[in-house]
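An overview of the molecular structure
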Amino acid sequence: GFFVDDCILWSHSQAVPENPMTLASAIVLLFLVIDPFGNVPFFVSALKDVDPTRRTRVIIRELLIAYVVMVAFLFAGQPFLKVLGISGPALTIAGGVILFLIAIKMVFPVRGRNMQEELQGEPLIVPLAIPYIAGPSVLAVELLLMSDEPERWPVWLIAITAAWAGTAVVVLFGNQVAERLGQRGLVAIERLMGMILVAIAIQMFLTGADLYFGRG
């Protein structure tokens, strides 16, 4: 699809600046990494003991917390990398590895994966806001976007907001989504998203390696 092509072109952006990642591609990439359809069963499970009249308010609260974390990291992550002295190619390779591991889990989910969180009362921040929405993989993608083209931060902010909004719709109607699609439907969508991520992750890894060894 067009967004996969754009994501692959973006992975070459440091070597070929005329092919930057588009807003649409960034939105799709972030949405894939958040994986809201894969998280629906976990949201339903984590909220099963919460008063039904409070569930929507709890989800909205967790979504807002996750959004604040994602936006804060968008601007705080890059200075942190500079302090650590991490290079662009190293970050690209690391991002490719992280996305690949996430994608593999999406394509080949672990049987009997525990959907039960040991929670007392309603969840607060963990596990819904972090890591289900604002997880390490999402923050890693934000770092990659900002490290390649920090001057386009308004575009990345819009992309984060749009991906977050799409995720919000899915999780707010989690019960209805689970009932309509069923377990097989959710698994099928998650595996499809995982396969797309595998292609993006491998290309990102190869690009990072090419950038690194090309220096020599």
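Throughout this description, residue numbers start from 1 for each chain and increase along the sequence as written. Owing to the predicted nature of the model, reporting of local features is limited to residues with pLDDT of at least 70; listing and counting of side-chain atom pairs is limited to 80 or more, with chain, interface and lining totals taken over all residues. Where side-chain values are given, they derive from all heavy atoms of the structure, hydrogens and water being excluded.

**As for the overall build of the protein chain**
A count of helices and strands for the protein chain gives nine helices and zero strands. Secondary structure elements are defined from DSSP: runs of H or I of at least 4 residues count as helices, runs of E of at least 2 residues count as strands, and each element is numbered from the N terminus. Shown N-terminal to C-terminal, the secondary structure of the protein chain runs as helices and strands in the order α-α-α-α-α-α-α-α-α. Within the protein chain, contacts between residues at least 6 apart in sequence are counted, and of these 86% link residues at least 24 apart. Computed with the Shrake-Rupley method and a 1.4 Å probe, the accessible areas treat only the protein chains shown as cover for residues. Accessible surface for the protein chain amounts to roughly 11,000 Å². Of this, 67% is attributable to carbon and sulfur atoms. Contact between two residues is taken to exist if any of their heavy atoms lie within 4.5 Å; hydrogens are not considered.

**Focus: unusual backbone geometry**
Looking along the chain, the bond that leaves valine 126 and enters proline 127 is cis, with omega of 5°. Relative to the elements of secondary structure, proline 127 occurs in the loop between helix H5 (88-107) and helix H6 (128-133). With omega at 15°, the peptide bond leading from isoleucine 130 into proline 131 counts as cis. Looking at the secondary structure, you find proline 131 in helix H6. One non-glycine residue, aspartate 35, adopts positive backbone phi at about 55°. You can see aspartate 35 is positioned in the loop between helix H2 (23-34) and helix H3 (36-46). On the accessibility criterion, aspartate 35 (6% relative accessible area) is buried. For isoleucine 125, which is not a glycine, the phi torsion comes out positive at approximately 70°. Residue position: isoleucine 125 is located in the loop between H5 and H6. Buried, partly exposed and exposed residues are distinguished by accessible area as a fraction of the type maximum, computed with a 1.4 Å probe on protein chains only: under 20%, between the cut-offs, and over 50%, respectively.

**With respect to the packing of aromatic side chains**
The aromatic pairing rule takes the rings of Phe, Tyr and Trp, using the six-membered ring of Trp, and pairs them if the centres are within 6.5 Å, calling planes under 30 degrees apart stacked, those over 60 edge-to-face and the rest tilted. Under the defined criterion, the tally for this structure stands at five aromatic pairs. For the ring pair phenylalanine 31 and phenylalanine 37, a centre distance of 6.4 Å and an interplane angle of 80° mean the geometry is edge-to-face. Given the relative accessible area of 18%, phenylalanine 37 is considered buried. For the ring pair phenylalanine 43 and tyrosine 132, a centre distance of 6.0 Å and an interplane angle of 45° mean the geometry is tilted.

**A word on the confidence of the model for the protein chain**
pLDDT runs from 0 to 100 and stands for how confident the predictor is about each residue. Confidence in the prediction for the protein chain averages 83 pLDDT; 85% of positions are at 70 or higher. Within the protein chain, no element has a lower average pLDDT than helix H1 (residues 2-10), which sits at 51, and none a higher one than helix H8 (residues 153-172), at 96.

**Looking at the environment of isoleucine 160**
Its place among the elements puts isoleucine 160 in helix H8. Residue classification places isoleucine 160 among the buried positions, given a relative accessible area of 1%. Once the C-alpha coordinates of isoleucine 160 and tyrosine 67 are considered, the two residues, 93 residues apart in sequence, prove to be 8.2 Å apart. The contact partners of isoleucine 160, leaving out residues within four places of it in the chain, are Leu30, Tyr67, Met70, Leu74 and Glu142.

**Observations regarding the environment of arginine 57**
Turning to its location among the elements, arginine 57 is positioned in helix H4 (residues 52-84). Linking arginine 57 and leucine 172, residues 115 residues apart in sequence, is a C-alpha distance of 9.6 Å.

**Re the pattern of salt bridges**
By convention in these notes, a salt bridge is any Lys or Arg side-chain nitrogen within 4 Å of a carboxyl oxygen on Asp or Glu. Here the structure, examined in full by the defined rule, presents five salt bridges. For arginine 61, the salt bridge goes to glutamate 62, with nearest N and O atoms at 3.0 Å. Where salt bridges share partners, they join Arg54, Arg61, Glu62 and Glu122 into one cluster.

**What about the environment of leucine 64?**
The topology assignment puts leucine 64 in helix H4. A relative accessible area of 45% places leucine 64 in the partly exposed class. Leucine 64 sits 65 residues away from alanine 129 along the chain, and the two C-alpha atoms are 8.1 Å apart.

**A short note on helix H7 (residues 136-148)**
Expected helix span is given by 1.5 Å per residue-to-residue step, counting one fewer step than there are residues. Across its 13 residues, H7 extends 19 Å between first and last C-alpha, which sits within 8% of the 18 Å expected from 1.5 Å per residue. With twelve of its 13 residues buried, H7 lies for the most part within the structure. Among the residues of H7, Ser137, Val138, Leu139, Ala140, Val141, Glu142, Leu143, Leu144, Leu145, Met146, Ser147 and Asp148 are the ones counted as buried.

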